[in-house]
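# Topology and contacts: notes
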Amino acid sequence: MKKIANAVFLLVFLGVLAAVPVGTVLAEKQQVSFWENRKLAVFPQLTEEGVLDGSWFDQVESYFSDHIVGRDRIMKLNTWAELRLLNKPVVNDQVVAGDVMLNFHGYGRWDISYQKDRARQVGERLSGINDLVTGWGGYFCYLGVPQQFSYYADRYPDYMDDRTWTMGPAREAFARELEERGIPFVDMMEVYDRLGHPDGFYSAVDHHFSYAGALTAYEAVLERVNADTGLGLTILREGEGLELTTLPNHYLGSKTRKVYDLWPSEEHLTIGLPSPAIPFTRIDNGAQVEATLYDLPETQEEPVLYTLYMGGDVAETIIRTDRPELPNALIFGESYTNAVETVLWTAFNETRSLDLRHYTAGALEEYLAVYQPDVVICLRDDSSYLSDLG
Amino acid sequence: MVFSSLNFLFLFLPALLVCYFILPSRYREGRNLVLLGFSLAFYAYAGVRFLPIILVSILINYLFGLLVSPERRGGRKAAVTLAVVCNLALLGWFKYAMFTAGVLNDLGIAVPIPQVVLPIGISFFTFQGMSYVLDVYRGDAAAERSPLRVALYIALFPQLVAGPIVRYTTVAGEIRVRRESVDEFSEGAVRFLLGLSKKMLLANPMSQIADAAFALPVEQLSAGMAWLGVISYAFQIYFDFSGYSDMAIGLGRMFGFHFLENFDYPYLSRSVTEFWRRWHISLGSWFRDYVYIPLGGNRGPMWKRLRNILVVWALTGFWHGAEWNFLFWGLYYGLLLTGEKFLWGGLLDRLPSPLRRLYTLVLVCVGWALFRSETAAGALGMVRVLFGGGSGGLAGQALYYLLEFRWELLFAVIAALPVKRWAEGFLARQEGAAAKALSLWGPRVLALGLGAWSVVRLVSSTFNPFIYFRF
């Protein structure tokens, strides 16, 4: 019996040892990992130096691990086990213990006295932009929105670091700098708080706000522009020139993506379109593209991502409506601008948007000086208040 | 290369098995050559530039093995002395040159600090090579005329980079004549998979807790987190090291070798003395046989006996790493062993077993705090916090790690106990067919299941997501 047991064991053991490399070689190679949102490793070039110092072999290991047969299934199985079987409070760096998925920050405290100096440096740069824009009679405004984990800071379990000890002082230092420099600042955390800090303004499964949160930010900034400039920009609202539609498609947020969509969620994305429709043309990175605001799915079964809004992150987008009686605008920032842009353009003749992470054709100030928009909005989340503008 | 890597599991090992077993067993030297070739390739994986170092070590020990053989008439003592000097010079340069230069500079003696890269496994294969020469010199083993067999002994990949330190006498016969069989291979593979599981499923999670605790500045460390960190490190190092030894022993068995056990449930020890009979047995016995006993061991006046203990333990500490905290760690144990031997050993023997085990565990954990800390100051700071000298620490951190790793901690406690022996003993006493079936299939199914899960964890450890697309 022992011989049979050993023989059976051996067959299984050797079978797996053979099947994995053979399966990996035969399997179709992916270029990109959807779940990890990155390019997968390519087979490393054999170099003398790489062999001598061993780095080539390490790169082969990376290649193998990126392309091992069944990789996504294996990862998903591990994630499922951690979520459902082991019931861990944090899985793949996401806090999954409550009804909202949040970033896990780890633990550790550092000296935050650097924040005042950083805020001053950023304030100086923004001051420069403000002077530049107001120099030709334009208006500059900073629209600050909380990051999702900031918005839901009170949802962290008591034993976890919610980062309010650093985010709060950073926000205060930043706001103080802008106030001292006379730069208009719309702090959406205060606006959301005044409105009761409802759950519906931020996603439970993505690091962005919801469309309701984005619309609230759009309204708040245009109200501020109107109040400061008297431009009388039209603000669309639901039922007042804006038609909202909630898509039935499953929403795969940036956070649920990290847990292979195993965290239960009934959240859906909403889109808004002006009614009556306003004709426009769209130019992305210098080339005319289809005049759309949303990367809509082809079927209801297809999941949607935050990249639904404006088709994701584009270095430069220009929307033209051929209404020269209206002012021109520029909004710059990061991905938070995408949802706001879908409705912001309706108030302007031409709306330009720059994604600071991808726009590398020149300095922001140069761009502003060339196009001289009437209204310039910087939209960033509070975790970026003290970061460079790029 | 490490055993717990995809390259090893699914490229190196399958290729080796094919090349090795495709040769009929009567071609023993052919199979040995395959094993040697793959062992050197295993070593070269860390960088081909390191290959000459192990080849030099092999050559030194092969030649000196011939020179110190009892068959030779004269010059044996000089030869063995030179062999030890050459081996220690090799080890000393690669492992201790930077440290020594740093110390000299700190003392005001300006010397250039050489930038030396430590070749992987040098501590292990140097000791192994030295033990071959010393055993031949003593007449415990015959000098091996075939350089390939000496090379195979020193470079054999299962124990090359992390032990156990295999004595030549243990494997000399098996290098020449051994029998691979389905039973031996399977039982070796079971052992290998269980060792892999210890590493992937227990040691790695424990390292996350330990790393977090030891990375904290002392002022941010609570007593709870300090203890959790130290206990986790105790588990991490045990499962990492004993898991690696299991894998080495299992791999050896797959190819017909029988290495000696390296760990024997050390956390059950009732004294520090007993702990060191159960922990890294091959290292302890190496220092006993080649340093302690030649120095005089337990004989002679008290000062010599104390000296012998402290010398061995200073060297043991330093063998682990070229840093002051390793030396302190070694001397810490030297003092404890001295104390047990000459001062409180009798009192200890009279205490109830649970108290003795607690005493041992606390002292061993303090030892791990010294061992793991990056600096001597850090080590002392950690020990201070362990015993209430901290200033509070970050609220909630210990609770988070307890919740996040509660299952791993629970299984770590279980796996540190001789559950296997208890289960085997219990099943052996049962008479039903179910017990027999469980006894037969249980370990194999468990090994396959845990091994599979280890691979899942191994692949998952490469999970590397980005919020924004990374090119």
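Right above here is the structure, for reference.
Residues numbered from 1 in each chain as written. Chains lettered and ligands numbered in written order. Predicted model: local features only at pLDDT ≥ 70, side-chain atom pairs only at ≥ 80, totals over all residues. Heavy atoms only, no water.

Glancing now at the environment of Pro21 of chain A. Residue and element names in this part refer to chain A. Examined against the element boundaries, Pro21 turns out to sit in helix 1 (residues 2–26). Looking at Pro21, the relative accessible area reads 13%, which means it is buried. Sequence separation between Pro21 and Trp80 is 59 residues; the distance between their C-alpha atoms is 25 Å. (Helix = DSSP H or I, 4+ residues; strand = E, 2+ residues; numbered from the N terminus. Buried < 20%, exposed > 50% of the residue type's maximum accessible area, 1.4 Å probe, protein only.)

Residues and elements named next belong to chain B. Where nonpolar side chains cluster on the molecular surface, the patch consists of Trp407, Leu410, Phe411, Val413, Ile414, Leu417, Val419 and Trp422 and spans about 700 Å² of accessible area. Those elements giving two or more residues to the nonpolar patch turn out to be helix 18 (406–415) and helix 19 (419–429). At five residues, helix 18 tops the list of elements feeding residues into the nonpolar patch. As for its position among the elements, Leu417 is in the loop between helix 18 and helix 19. (Patch = residues over 30% accessible without salt bridge, like charges linked within 9 Å, V, L, I, M, F, W, Y side chains within 5 Å. Areas by Shrake-Rupley, 256 points an atom, 1.4 Å probe, with all protein chains shown as cover. Salt bridge = Lys/Arg side-chain N within 4 Å of Asp/Glu carboxyl O.)

Residues and elements named next belong to chain A. The first and last C-alpha atoms of helix 7 (residues 164–180) sit 24 Å apart over 17 residues, in line with the 24 Å expected at 1.5 Å per residue. Restricting attention to buried positions, one finds in helix 7 the residues Trp165, Thr166, Met167, Gly168, Ala170, Arg171, Ala173, Phe174, Glu177 and Leu178. Buried residues along helix 7 sit in contact with helix 5 (114–135), strand 6 (139–145), helix 6 (148–151), strand 7 (185–187) and helix 8 (188–194). (Expected span 1.5 Å × (residues − 1). Contact = heavy atoms within 4.5 Å.)

Reports often express the size of an interface as the amount of accessible area lost when the parts come together. Counting from both sides, the interface comprises 57 residues of chain B and, opposite them, 60 residues of chain A. With both chains or domains summed, chain B and chain A bury close to 5300 Å², and 68% of this area falls on carbon and sulfur atoms. Summed over the shared surface of chain B and chain A, the result is four salt bridges. Here Lys3 of chain A and Asp183 of chain B are joined by a salt bridge, their closest N and O atoms 3.1 Å apart. Here chain B and chain A share 23 residue pairs in polar contact (both at pLDDT 80 or more) between them. Put simply, the parts of the chain that give the side of chain B that touches chain A at least two residues each are helix 1 (6–21), helix 8 (182–215), helix 17 (397–404), helix 18 and helix 20 (433–460) of chain B. Tallying contributions element by element places helix 20 of chain B first for the side of chain B that touches chain A, with 10 residues. (Buried area = accessible area lost by both parts, 1.4 Å probe. Polar contact = N/O pair within 3.5 Å; in protein donor to acceptor, adjacent residues only side chain to side chain.)

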